[in-house]
Amino acid sequence: MTIRSFFAVAATVLYLCSELVHASPAATIKSATKLTFGDTGTLFVADWKGARIYTLPVPVPKAAAAKPFNLKDIQGPIATALGVPQSSIRFEDLAVQPGSEIAYVSLTVRRGKSPAQAAIVSIDASGKVKTVDLRKVAGSAAITDEPSADQSFWRDLRRRA
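Every chain begins its residue count from 1, and numbering advances along the sequence as written. Residues qualify for local features only when their pLDDT is at least 70, as the model is predicted, and side-chain atom pairs are given and counted only at 80 or more; totals for whole chains, interfaces and linings, by contrast, use all residues. The side-chain values count all of the structure's non-hydrogen atoms but skip hydrogen atoms and water molecules.

Caption draft 1: Representation of the packing of aromatic side chains. Working definition: rings of Phe, Tyr and Trp (its six-membered ring) pair if their centres are within 6.5 Å, and the pair is stacked with planes under 30 degrees apart, edge-to-face with planes over 60 apart, and tilted otherwise. Throughout the structure, instances matching the rule amount to one aromatic pair. Taken together, a centroid distance of 5.5 Å and an interplanar angle of 70° make the contact between Phe37 and Tyr104 edge-to-face. Placement of Phe37 in strand S1 (residues 34–39) and of Tyr104 in strand S5 (residues 102–109) is noted, with a sequence separation of 67 residues between them. Accessibility assignment for this pair places Phe37 and Tyr104 in one class, buried. Each helix is a run of H or I in the DSSP string that is no shorter than four residues. Each strand is a run of E no shorter than two, and both are numbered from the N terminus. The cut-offs for exposure are 20% and 50% of the maximum accessible area for each residue type, with area from a 1.4 Å probe on protein chains only; residues under the lower value are buried, those over the upper are exposed, and the others partly exposed.

Laid out in structure tokens, this is it:
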């Protein structure tokens, strides 16, 4: 990455942050596909179906000693926390909260014949899973250059559905 492209990305992030702070929360999060942290207490969630970026406030943990932990076989505890079978969840992304030992995982969840829903869970170093309330949106901003529904890539894969 060149210094010029770095500053272009940094300027875009600062712009989005300022827009999110002043934006009023929009409707429900339709998909939670990409996660990142703005600071220790702010989780950014990209919603590609709704063409929005949301901010969710998350608890700021006490400073933790940096030690590795393993999320092996975590799909069982996640499915239990969400009240669905393991086959009903699809993992989308993972982001670790800065200065903590807490991983946030975004998921797509199917409950019976209902449409798929977004979900986010937090997992601490001991493996304890907690669901994140997606209704506690602090702000959102529209993604204004999203692809149209008829665009596709890789021959026949829709860019947005």
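Now, onward.
Caption draft 2: Region of the structure containing the sheet that holds strand S6 (residues 117–124). We call two strands paired when DSSP finds no fewer than two bridges between them. Pairing is antiparallel in the open sheet, where four strands are placed in the order S4-S5-S6-S7. A strand with exactly one partner marks an edge of an open sheet, and here the two such strands are strand S4 (89–96) and strand S7 (129–131). Neighbour to neighbour, the strand axes of the sheet diverge by 30° on average, direction disregarded. In the sheet, S6 pairs with S7 via three bridges, with the strands oriented antiparallel. Looking at the pairing, Ser122 lines up with Lys130 of S7. By the convention used here, residues are in contact when the closest approach between their heavy atoms is within 4.5 Å. Throughout, an axis means a line fitted to C-alpha atoms (over the contacting stretch in the case of helices), and angles, computed between N-to-C directions, take values from 0 to 180 degrees. Each of S4, S5, S6 and S7 is contacted by helix H2 (residues 75–82), which is oriented at about 105° to S4, the strand it contacts most.

Caption draft 3: Summary view of the side chain of Ser140. Relative to the helices and strands, Ser140 is located in strand S8 (residues 139–142). Any pair of nitrogen or oxygen atoms within 3.5 Å is treated as a polar contact; in protein, a donor-acceptor pairing is required on top of that, and neighbouring residues in sequence qualify only through side-chain atoms on both sides. Here the side chain of Ser140 touches Arg52 through a polar contact of 2.9 Å, side chain to side chain.

Caption draft 4: Structural context of the sheet that holds S8. Spatially, the four strands line up as an open sheet ordered S1-S2-S3-S8, and their pairing is antiparallel. A strand with exactly one partner marks an edge of an open sheet, and here the two such strands are S1 and S8. Each adjacent strand pair in this sheet contributes to an overall mean axis angle of 25°, direction not counted. Sheet topology note: the strand S3 (residues 52–57)/S8 ladder contains four bridges and is antiparallel. Its bridge partner being in S8, Ile53 is matched across the sheet by Ala141.

Purely geometric numbers; function is a separate question.
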